[in-house]
Amino acid sequence: MDHSLRLVLGRHLSQINVDAILRRVYEAEQIQPQRMTTSDLERIFQNSLFSSVRMFCDPSRLPTVMLDLADLMEDIPVPPKGEKSWT
């Protein structure tokens, strides 16, 4: 999950900004990147990712970034019934 998220953000932001954004989001949401689940990704997408990306992104590019992040969310497979989420 972390790798996919970094790839999407890396298309629009510098690597140093991607690192800063995700460090801030992961700390605020108490997420360990190597153990991030689909639920965690959904939560940060809804709660803190947008405001963090907005701080570093050119306002004219922000809609494209958010569409790419939404596409990432849509590409996440739904876990089988009875399982919490994919990791």
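Residues numbered from 1 in each chain as written. Predicted model: local features only at pLDDT ≥ 70, side-chain atom pairs only at ≥ 80, totals over all residues. Heavy atoms only, no water.

Q: What is the right way to look at the environment of Asp-19 in this model?
A: With respect to the helices and strands, the residue Asp-19 is situated in helix 2 (residues 15–29). The sequence separation of Asp-19 and Arg-6 amounts to 13 residues, and the corresponding C-alpha distance is 8.2 Å. (Helix = DSSP H or I, 4+ residues; strand = E, 2+ residues; numbered from the N terminus.)

Q: How should the packing of helix 3 (residues 38–56) against helix 4 (residues 62–75) be read in this particular structure?
A: Between two packed helices, the angle of one axis relative to the other and the distance separating the axes together describe the packing. As a packed pair, helix 3 and helix 4 sit with axes 12 Å apart at the nearest point and diverge in direction by 165°. Put simply, helix 3 runs roughly antiparallel to helix 4. Viewed along their axes, helix 3 and helix 4 form a crossing whose handedness is right-handed. In this structure, helix 3 uses Leu-41, Glu-42, Phe-45, Leu-49, Phe-50, Val-53 and Arg-54 to contact helix 4, whose residues at the interface are Leu-62, Val-65, Met-66, Leu-69, Ala-70, Leu-72 and Met-73. (Axes fitted to C-alpha atoms, helices over the stretch in contact; angles between N-to-C directions. Parallel < 35°, antiparallel > 145°, perpendicular 65-115°, else oblique. Left-handed = near helix turned anticlockwise from the far one by under 90°. Contact = heavy atoms within 4.5 Å.)

Q: Honestly, helix 3 in this entry has me stumped. Any pointers?
A: Structurally, the α-helix is built with 3.6 residues per turn, so residues lying three or four positions apart point the same way. At Ser-48, helix 3 shows its strongest bend, of approximately 55°. Of all the positions in helix 3, only Thr-38, Asp-40, Leu-41, Ile-44, Ser-48, Leu-49, Ser-52 and Val-53 are classed as buried. On the buried face of helix 3, the contacting elements are helix 1 (2–10), helix 2 and helix 4. (Bend = angle between axes of the 7 residues up to and from the residue. Buried < 20%, exposed > 50% of the residue type's maximum accessible area, 1.4 Å probe, protein only.)

Q: Looking at this model, I keep getting lost on the nonpolar core. Mind explaining?
A: Counting 23 residues, the largest nonpolar core has Leu-5, Leu-9, Leu-22, Ile-44, Leu-49, Val-53 and Leu-69 as its most contacted members. Where this core is concerned, the elements lending two or more residues are helix 1, helix 2, helix 3 and helix 4. Ranked by the residues each element gives to this core, the list is headed by helix 4, at six residues. Not counting residues within four places of it along the chain, the set of residues in contact with Val-53 comprises Leu-9, Leu-13, Ile-21, Leu-62 and Val-65. (Core = buried A, V, L, I, M, F, W, Y, C linked by side-chain atoms within 4.5 Å.)

Q: What is the right way to look at the side chain of His-12 in this model?
A: By the secondary structure assignment, His-12 is in the loop between helix 1 and helix 2. A distance of 2.5 Å separates the side chain of His-12 from the side chain of Asp-68, its partner in a polar contact. Residue contacts for His-12: discarding those within four places in its chain leaves Arg-61, Thr-64, Val-65 and Asp-68. (Polar contact = N/O pair within 3.5 Å; in protein donor to acceptor, adjacent residues only side chain to side chain.)

Q: Any chance you could explain the pattern of salt bridges here in plain terms?
A: A side chain with one charge may pair with a side chain of the opposite charge, provided their charged atoms come close. Within the structure shown, the criterion is met by five salt bridges. Measuring nitrogen to oxygen at the nearest pair gives 2.9 Å for the salt bridge that ties Arg-6 to Asp-2. With a gap of four residues between them, Arg-6 and Asp-2 both fall in helix 1, about one helical turn apart. Owing to a relative accessible area of 24%, Arg-6 belongs among the partly exposed residues under this scheme. Looking at Asp-2, the relative accessible area reads 16%, which means it is buried. Note that Asp-19 and Arg-6 form a salt bridge whose closest N and O atoms lie 2.7 Å from each other. (Salt bridge = Lys/Arg side-chain N within 4 Å of Asp/Glu carboxyl O.)

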